[in-house]
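Residue-level listing of the chains:
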Amino acid sequence: YSSDVKTLAGRRTDPYWLLNATLFSQKLIKGLEFSAGVYNLLDQRYSYPGGAEHCVDPAHCVDVIQQDGISFRVKLTYHF
């Protein structure tokens, strides 16, 4: 959960909830590990305030940045 956050323009973002899930298997076979994760599982639409580094000049700032929807990661690691 993230509460509302004040932007550079003085407005506030909407609060939001995120749900992530991770599956991890240690020693799937000798030396092999597997993990998979799904992020923003419910595909929540949310924005986060831009910072001063997102300003071309004081009159042209990015106030909020739309964040990613659902995404995933798969990882295999082999130790020898």
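Residues numbered from 1 in each chain as written. Predicted model: local features only at pLDDT ≥ 70, side-chain atom pairs only at ≥ 80, totals over all residues. Heavy atoms only, no water.

## Topic: the pairing of strand β2 (residues 32-39)
Regular strands place their side chains on alternate faces of the sheet. Both strand β1 (residues 21-29) and β2 contribute to a ladder of six bridges, which runs antiparallel. Across the sheet, the residue bridging to I29 is L32, located in β2. Hairpin connection, β1 to β2: the antiparallel pair is bridged by two residues, and G31 has positive phi, about 85°. The pairing of β2 with strand β7 (residues 71-78) spans eight bridges and is classified as antiparallel. Bridging from a neighbouring strand, G37 pairs with R73 of β7. (Pairing = 2+ DSSP bridges. Helix = DSSP H or I, 4+ residues; strand = E, 2+ residues; numbered from the N terminus.)

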